[in-house]
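Observations on the model geometry
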Amino acid sequence: MNRTHLANLSLLLVAMMWGSTFLIVQQAVRVLPPLAFNGLRFLGAAALLALIITVFYRKEWKILSWKMLKHASLLGIFLFMGYAFQTVGLLYTTTSNTGFITGLSVILVPFLSLILLKHPISRYTWISALLAVIGLYLLAFTGSSFSLNKGDLLILLCAIAFALHVTYTAIFAPTYPALLLCTLQMFIVGLLSTFSSLLFEDLGPIHQVVDQLVQPEVLLALLISIGPTSALAFWIQTVCQKFTSPSRVAIIFAMEPVFAVFTGVFFGGEVLGTLAGIGCICILTGMIIAELKSIPSTLQAK
């Protein structure tokens, strides 16, 4: 198995981790405000990765530079904006609209790759992205129709932010050590999330926050989010984007809601309708086409 196929398989694992833990995080943010949760999640992930560097890769700290910090901060800002716009947008729109519009990053990433990286857009990329968007629509609006509201603009900004994060990760990942780059951006996301939580969320007195933190659903979600779905997942993404194209990454990440749906069916008692099932098949087909038929990635490890 060559490095591109291995990278794509690893990114699929990341999508599976994000999608299969959606229910756990959803239950946690019903107790602890979302921005506060993200602050703890990403600061915890940064601390975990920093510990790994200190114990096993101490020499990487010597590579740290202002230029790397600037680029990592840019990635962190994009990632923070994605989560923040999504969180606030959910206050004004439906979860269906949120899932679908966020997934439109599948279409945005090829355009950004063309503009920023000069990556050509092949017909297979278009077919894969179109299938993914159709699949996302069927998953999000089973038995209903798409209607716009004022929160959708915020969700669109979220999709743009996530698309920019994927694209700029492809720019910076080949230049810097993946572990250090990931650690820095996790710290920036955590810092911005914590600051935003203090400004915009009503956390209440300190004893109330402590009571929320010790709730079993919050502790479990933080344990999973800090380790597997943040520190490990974004480390994998940063490494793998040295060997595959941003367009493929976006299409693979469209599998996240598919895994979320199956988790809901098997563990949440939800029912998978016919249209939703067709949507899952469309996304899976798009991912397979992207893997087998897309032009070879021009990205090389440096």
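Refer to the structure printed above.
The text that follows walks through the structure, step by step, so that each part is easy to find. (Residues numbered from 1 in each chain as written. Predicted model: local features only at pLDDT ≥ 70, side-chain atom pairs only at ≥ 80, totals over all residues. Heavy atoms only, no water.)

Tallying secondary structure elements over the protein chain gives 14 helices and zero strands in all. Counting from the amino terminus, helix and strand elements in the protein chain follow one another as α-α-α-α-α-α-α-α-α-α-α-α-α-α. The C-alpha radius of gyration of the protein chain comes to 19 Å, within 12% of the 19 Å expected for a compact globule of 302 residues. With respect to the principal axes defined by its C-alpha atoms, the protein chain has extents near 55 × 50 × 35 Å. Per-residue burial for the protein chain yields a buried fraction of 53% across its 302 residues. Considering only intrachain contacts with a sequence separation of at least 6, the fraction spanning at least 24 residues in the protein chain is 90%. When the 15 basic and 9 acidic side-chain charges of the protein chain are each reduced to a single mean position, those positions are 22 Å apart. (Helix = DSSP H or I, 4+ residues; strand = E, 2+ residues; numbered from the N terminus. Rg over C-alpha atoms; globule rule 2.2 N^0.38 Å. Buried < 20%, exposed > 50% of the residue type's maximum accessible area, 1.4 Å probe, protein only. Contact = heavy atoms within 4.5 Å. Lys, Arg positive; Asp, Glu negative; His and termini not counted. Charge placed at Lys NZ, Arg CZ, Asp CG, Glu CD.)

Tracing the backbone shows Ser 225 in helix H11 (residues 216-240). A sequence separation of 181 residues divides Ser 225 from Gly 44, and the C-alpha atoms of the two residues are 8.9 Å apart. In contact with Ser 225, not counting residues within four places along its chain, are Val 25, Phe 37, Arg 41, Ser 230 and Ala 231. There is a polar contact of 2.7 Å between the side chain of Ser 225 and the backbone oxygen of Ala 221. (Polar contact = N/O pair within 3.5 Å; in protein donor to acceptor, adjacent residues only side chain to side chain.)

Glancing now at the nonpolar core. Generally speaking, nonpolar side chains in soluble globular proteins are found buried as a group. With 69 residues, the main nonpolar core has Leu 79, Met 186, Phe 234, Phe 253 and Met 255 as its most contacted residues. Those residues in contact with Phe 253, other than ones at most four positions away along the chain, are Leu 11, Val 14, Ala 15, Trp 18 and Gln 237. Among the nonpolar cores identified, the runner-up in size contains 10 residues, and Ala 28, Phe 37, Val 209 and Ala 221 belong to it. (Core = buried A, V, L, I, M, F, W, Y, C linked by side-chain atoms within 4.5 Å.)

A volume near 160 Å³ is recorded for the second largest pocket. The wall of the second largest pocket is formed by Pro 34, Leu 35, Phe 80, Ala 84, Thr 87, Val 88, Ser 196, Phe 200 and Glu 201. Of all the secondary-structure elements, those providing two or more residues to the lining of the second largest pocket are helix H3 (34-56), helix H4 (66-89) and helix H9 (178-200). A total of four residues in the lining of the second largest pocket trace back to one element, the largest contributor, which is H4. (1 Å grid on protein atoms, 1.4 Å probe; cavity = no way out; pocket = protein on both sides within 12 Å on 5 of 7 lines; lining within 4 Å. Points joined across faces, edges and corners; volume = space filled by probe spheres on them.)

Taken together, the side chains of Leu 51, Val 55, Phe 56 and Tyr 57 define a hydrophobic patch exposed on the protein surface, amounting to about 440 Å² of accessible area. For Tyr 57, the location among the structural elements is in the loop between H3 and H4. (Patch = residues over 30% accessible without salt bridge, like charges linked within 9 Å, V, L, I, M, F, W, Y side chains within 5 Å. Areas by Shrake-Rupley, 256 points an atom, 1.4 Å probe, with all protein chains shown as cover. Salt bridge = Lys/Arg side-chain N within 4 Å of Asp/Glu carboxyl O.)

Across all of its chains, the model carries eight aromatic pairs by this definition. Taking 5.5 Å as the distance between ring centres and 40 degrees as the angle between the ring planes, the aromatic pair formed by Phe 78 and Tyr 168 counts as tilted. Residue Phe 78 is located in helix H4, and its partner Tyr 168 is located in helix H8 (residues 151-172); the two are separated by 90 residues in the primary sequence. Among the aromatic residues, those joined into a ring-pair cluster are Trp 18, Phe 42, Tyr 83, Phe 162, Phe 234 and Phe 253. (Phe/Tyr/Trp six-rings, centres within 6.5 Å; stacked < 30°, edge-to-face > 60°.)

Mapping Thr 238 onto the fold places it in helix H11. Look at Thr 238 and you get buried, because its relative accessible area is 1%. Non-local contacts of Thr 238, meaning those with residues more than four positions away in its chain, are made with Thr 169, Ala 173, Ala 178, Leu 181, Cys 182 and Gln 185.

So, on to the state of the cysteines. Counted according to the given criterion, the structure contains zero disulfides. Counting only cysteine sulfurs, Cys 280 is the nearest neighbor of Cys 282, a cysteine outside any disulfide, at a range of 9.3 Å. (Disulfide = S-S within 2.5 Å.)

So, on to the packing of helix H6 (residues 105-117) against helix H12 (residues 246-253). Between H6 and H12, the shortest axis-to-axis distance is 8 Å and the interhelical angle comes to 170 degrees. With respect to their mutual orientation, H6 and H12 come out roughly antiparallel. Between H6 and H12, the residues in contact are Ser 105, Val 106, Val 109, Pro 110, Ser 113 and Leu 117 and Pro 246, Ser 247, Ala 250 and Ile 251, respectively. Class assignment for the residues of the contact of H6 with H12 results in seven nonpolar, three polar and no charged. (Axes fitted to C-alpha atoms, helices over the stretch in contact; angles between N-to-C directions. Parallel < 35°, antiparallel > 145°, perpendicular 65-115°, else oblique. Nonpolar A, V, L, I, M, F, W, Y, C, P; charged D, E, K, R; others polar.)

Where helix H1 (residues 3-20) contacts H12, the axes come no closer than 9 Å and their chain directions differ by 35 degrees. In the crossing of H1 with H12, the sense of the turn from one axis to the other is right-handed. Where H1 approaches H12, its residues Thr 4, Asn 8, Leu 11, Leu 12, Val 14, Ala 15 and Trp 18 are matched on the opposing element by Arg 248, Val 249, Ile 252 and Phe 253. A class-by-class count of the residues in the contact of H1 with H12 yields eight nonpolar, two polar and one charged. (Left-handed = near helix turned anticlockwise from the far one by under 90°.)

The residue Ile 252 is located in helix H12 in this model. Taking the C-alpha atoms as reference, Ile 252 lies 12 Å from Trp 18; in sequence the two are 234 residues apart. Discounting chain neighbours no more than four positions away, the residues touching Ile 252 are Asn 8, Leu 11, Leu 12, Ala 15 and Met 287.

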